[in-house]
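Structural overview
Each chain, letter by letter, is given below.
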Amino acid sequence: MDAELLELARQFESAQQAKSSIRLSERNVVELVQKLHELHIIDFNLLHTVSGKEYITPEQLRHEMVLEIKKLGRVSLIDLADITGVDLYHVENQAQRVVSDDPSGLMLIQGEIISQSYWDNVAEEINERLQECSQISLAEIAANLNVGSELVASMLEARLGTLVKGRLEGGQLYTPAYVTRVSAMVRGAARGVTVPTNLSFLWGTLQQLLQAMDGAGGVATESSFFQSLFNGLAKEGEILGSLRAGVHWTPTVFATAQRECVDSFFSQNSFISYDTLQNLGISQPVQFLQSRYAEGIPLVTAFAHPSMIEMLDAAVEDAIDRSSWIDSLSVLPTSFGSQDASKILSHCNSVQSALKGNKGMILGDSYVFSNGFIKDVYGRMEKELEVFRLSGSSGDILSDDFHLVMEAKIRTDSGRSGEVNEKKKKKGKSSGARTEILLDDEEIIPLKSKKNQRKGKEASLVLSDTKKGAKKDLARTQEDDLNIPSDDWIMQKILTLVPDFEEQGLEDPQTILGPLANYMRPMLISSLKEKRKTLFSENAGKMKHLLDNLQKKLDEAFLNMQLYEKALDLFEDDQSTSAVLHRHLLRTMAASIGDMLFHNLDMHNKLKNGINVEESPNSESITLGSAERTALAKSFPGSLSKKALAVVEALEGKRVEAFMTSLREVAEESGLLLKKLDKKLERTLLHSYRKDLTAQVSAETDPVLLLPKVVSLLYIQVRNKALQAPGRAISVAVSRLKVCPSATS
């Protein structure tokens with residue numbers, strides 16, 4: 001066998017050394033290779049080299065690439081293309097095949113093929129450097145290796161504990177000694193914390209401490225590293241406490257002290273305020289307390305034990321039995337508010353029993369009153385209300401007095417229903433009788449019959465013309481002129497009747513007087529309305545009779561006033577005499593009318609307010625001073641007061657026209673009619689006045705008193721005017737008669 005091999009070797013060597021008699025050009029070789037491919041003699045792929053002078057098979061290319069990778073450990077595809085002399089396209093294609101054939105040992109990353117041995121060498125280098133500086137950042141390693149941080153992290157994670165003796169945390173690589181050292185610091189710092197702490201602040205403190213210990217060349221430790229060590233220690237039970245939201249740490253020692261403090265306070269006082277728990281760092285006090293004391297009662301500002309309800313229940317029951325009252329806040333702790341008292345009262349059996357049995361009530365939030373106490377105070381308040389009503393201090397009428405007056409008027413006039421029906425049948429053929437309508441101001445508005453309206457052509461007040469005004473007056477009365485006691489008046493009277501409220505030492509009696517007054521006020525108003533309803537029924541006839549008499553007196557006086565006013569026109573060209581005549585008429589006839597009107601309106605106002613008065617038979621002879629007129633005018637209700645003050649001002653003025661205008665406004669506001677002087681009435685009044693003056697002249701013996709009467713009589717005969725002239729104007733009046741043609745004749 002050996003001889004044969006030697007012979008073959010000798011023949012092969014001689015064949016190689018023999019010179020070929022035929023030489024092929026490169027072109028012939030290329031054509032020959034192509035022909036062999038066509039004949040399928042060469043049945044494998046051939047790759048051209050970059051020079052074009054060599055062929056290489058893919059298997060050979062992969063073999064050369066693997067050899068180069070094993071030699072270098074990390075090589076780029078571009079370098080492999082240069083080394084093998086093959087186009088980069090073919091190298092890239094074969095690189096995928098090389099990596100897929102050995103996936104555990106090779107990887108293709110960003111145009112480079114890297115072997116695991118390369119990473120092992122890198123890991124060993126990193127470990128050597130790590131042991132020197134205690135910490136290396138992944139970003140620094142990635143920058144040096146010119147790869148991504150994620151690749152470095154995945155490479156190191158697979159080699160931690162073997163080739164790399166360290167700990168990877170938060171993008172940093174630490175040595176075990178450094179980890180142990182920092183872990184001890186975290187443990188010590190966490191155990192030293194006894195109150196709820198934000199861990200971010202703690203980590204900042206530890207970072208400053210490490211930098212101070214290691215100097216300028218110290219390692220910069222990330223907060224995430226501290227947090228990771230802390231979480232591990234907490235999980236292992238090295239440190240005790242609870243972590244909320246990842247950074248809020250509450251040590252167990254604090255939670256224990258917190259619970260003990262709450263338990264101690266609650267057991268001693270039977271309550272605890274939510275503010276106390278907030279100060280102890282308990283953010284959800286109600287949930288915390290309900291979880292610990294299931295029998296407790298959550299209030300608005302505090303948490304109470306059932307024993308506190310039992311204590312308040314006994315006090316309330318005693319107050320109800322004694323027909324008294326109790327401020328629950330006086331029994332409860334001082335830190336309780338009125339809303340706490342209201343809520344805890346709702347849990348008292350005695351309160352619920354009293355409310356259901358109509359034995360007591362809760363006013364405000366914290367006051368419990370027995371019904372006996374309320375009735376006693378209300379009874380005395382009704383007596384005070386009677387004094388209040390009769391004193392006239394209330395001003396105007398109640399807002400719904402209109403309805404009361406209407407009811408009283410209907411009852412008063414019910415006996416005349418047959419007469420009214422008869423008038424309806426006559427269809428307006430009545431002899432001038434007035435129809436009376438009561439509006440919301442309780443004044444009687446007389447309406448003339450159609451016949452009188454046509455005759456006098458007066459602007460009489462009718463219901464259809466006053467609807468809008470009545471509504472406005474009603475609204476105004478409701479807002480401004482309510483004849484009801486104010487809250488302040490009621491509270492003052494209650495304080496006077498029940499001095500216990502002040503003697504109790506309440507810081508602010510308004511807190512109890514206000515709810516009590518608010519409760520009693522509607523009842524007092526209702527009582528006042530009922531009494532007013534009765535009084536209106538009793539006084540309706542008196543008010544009607546009073547206004548009827550006033551209307552008759554006013555009719556006569558106002559017609560005479562108009563008659564005398566006409567005579568003033570004769571002296572308008574003489575200003576001084578005209579002023580004397582105007583003032584004389586104002587101070588005599590006008591003043592008498594005003595005093596009569598004010599006196600009767602005052603009596604009517606008192607009757608409205610439930611004050612019994614007797615009608616004076618000679619009210620037209622009453623004489624008032626200016627101050628008395630002003631006082632009466634101010635006592636009138638609503639807009640009537642302003643218009644009455646205008647009458648007072650006109651009486652002090654210089655012109656009769658102003659008085660007549662203001663008098664008409666007062667009469668209209670009061671619902672009275674002022675008849676207008678027509679020709680027929682004027683002739684009748686002049687005739688009557690002439691007869692009266694003639695009789696007076698015949699009976700008069702005093703020359704001084706006789707002269708004015710004679711002059712007035714002459715003016716009726718000569719000028720057909722009724723003149724009222726004082727002594728100062730007699731000479732001028734006589735001289736005017738001298739120049740009158742009818743006088744000389």
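Residues numbered from 1 in each chain as written. Predicted model: local features only at pLDDT ≥ 70, side-chain atom pairs only at ≥ 80, totals over all residues. Heavy atoms only, no water.

Here's the deal with unusual backbone geometry
Of note in the backbone geometry, Asn146 takes a positive phi value of approximately 60 degrees without being a glycine. Assignment of secondary structure puts Asn146 in the loop between helix H7 (138-145) and helix H8 (149-157). The class for Asn146 is exposed, based on a relative accessible area of 61%. (Helix = DSSP H or I, 4+ residues; strand = E, 2+ residues; numbered from the N terminus. Buried < 20%, exposed > 50% of the residue type's maximum accessible area, 1.4 Å probe, protein only.)

Concerning the packing of helix H15 (residues 306-321) against helix H18 (residues 349-356)
At a minimum axis distance of 7 Å, the contact between H15 and H18 shows a crossing angle of 35 degrees. Listed contacts from H18 to Asp313, Val316, Glu317 and Ile320 of H15 are Asn349, Ser350, Val351 and Ala354. Grouping the constituent residues of the contact of H15 with H18 by class yields 4 nonpolar, 2 polar and 2 charged. (Axes fitted to C-alpha atoms, helices over the stretch in contact; angles between N-to-C directions. Contact = heavy atoms within 4.5 Å. Nonpolar A, V, L, I, M, F, W, Y, C, P; charged D, E, K, R; others polar.)

Thoughts on the confidence of the model for the protein
This prediction gives the protein a mean pLDDT of 75; 78% of its residues lie at or above 70. In the model of the protein, strand E18 (residues 435-438) stands out as the element of lowest mean pLDDT, 33, in contrast to strand E14 (residues 302-304), which has the highest, 91. Low confidence marks residues 392-472, where pLDDT is under 50. Its contacts with residues over four positions away, or in another chain, come to 132 contacts. Contacts from residues 474-482, a stretch scored under 50 in pLDDT, to residues over four places away or in other chains number 14 contacts. (pLDDT = per-residue confidence, 0-100.)

Description of the nonpolar core
In this structure, Met561, Phe598, Phe659 and Leu723 are the most contacted members of the largest nonpolar core, which totals 56 residues. If you list the elements that add at least two residues to this core, you get helix H26 (510-567), helix H27 (575-608), helix H28 (626-635), helix H29 (638-651), helix H30 (656-670), helix H31 (679-699), helix H32 (703-718) and helix H33 (730-738). Of all the elements, H27 adds the most residues to this core, at 11 residues. Both of domain 4 (533-612 + 622-677) and domain 5 (678-744) provide at least three residues apiece to this core. If we ignore the near neighbours within four places in the chain, the residues touching Phe598 are Leu624, Arg629, Leu632, Ala633, Phe636, Ala644, Val647 and Val648. In terms of nonpolar packing, the next biggest core, distinct from the first, is built from 26 residues, Tyr367, Leu497, Ile512 and Leu516 among them. (Core = buried A, V, L, I, M, F, W, Y, C linked by side-chain atoms within 4.5 Å. Domains from an automatic or database assignment.)

Side note on the sheet that holds strand E6 (residues 135-137)
Taken together, 3 strands build an open sheet; the order of strands is E6-E8-E7 and the sheet is antiparallel. Across the chains shown, the open sheet's two edge strands, defined by having one partner strand only, are E6 and strand E7 (167-169). With direction set aside, neighbouring strand axes in the sheet form an average angle of 25 degrees. In this sheet, strand E8 (residues 172-174) lies alongside E6 in antiparallel orientation, the contact comprising 3 bridges. Within E8, the residue paired with Gln135 across the bridge is Tyr174. (Pairing = 2+ DSSP bridges.)

Quick notes on helix H11 (residues 223-236)
A rise of 1.5 Å per residue sets the reference length of H11, with its 14 residues, at 20 Å; its end C-alpha atoms lie 20 Å apart and thus fit the reference within 8%. Turning to H11, its buried residues are Phe225, Phe226, Gln227, Leu229, Phe230 and Leu233. A positive phi of about 85 degrees marks Gly237, the residue just after H11. (Expected span 1.5 Å × (residues − 1).)

A short note on the packing of aromatic side chains
Counted by the stated rule, this structure contains 12 aromatic pairs. Relative to Phe303, the ring of Phe266 has its centre 6.0 Å away and its plane inclined at 45 degrees; by these criteria the two rings are tilted. Linking Phe266 in helix H12 (residues 252-269) with Phe303 in strand E14, this pair joins segments that are 37 residues apart in sequence. Phe303 matches Phe266 in its accessibility class, with the two residues each being buried. On the numbers, 6.1 Å between centres and 35 degrees between planes, the contact of Phe571 with Tyr715 is tilted. One end of the pair, Phe571, is in the loop between H26 and H27; the other, Tyr715, is in helix H32, with 144 residues separating them in the sequence. Relative accessible area serves as the criterion here: at 1%, Phe571 is assigned to the buried category. Taken together, the ring pairs connect Trp325, Tyr367, Phe369 and Phe373 into an aromatic cluster. (Phe/Tyr/Trp six-rings, centres within 6.5 Å; stacked < 30°, edge-to-face > 60°.)

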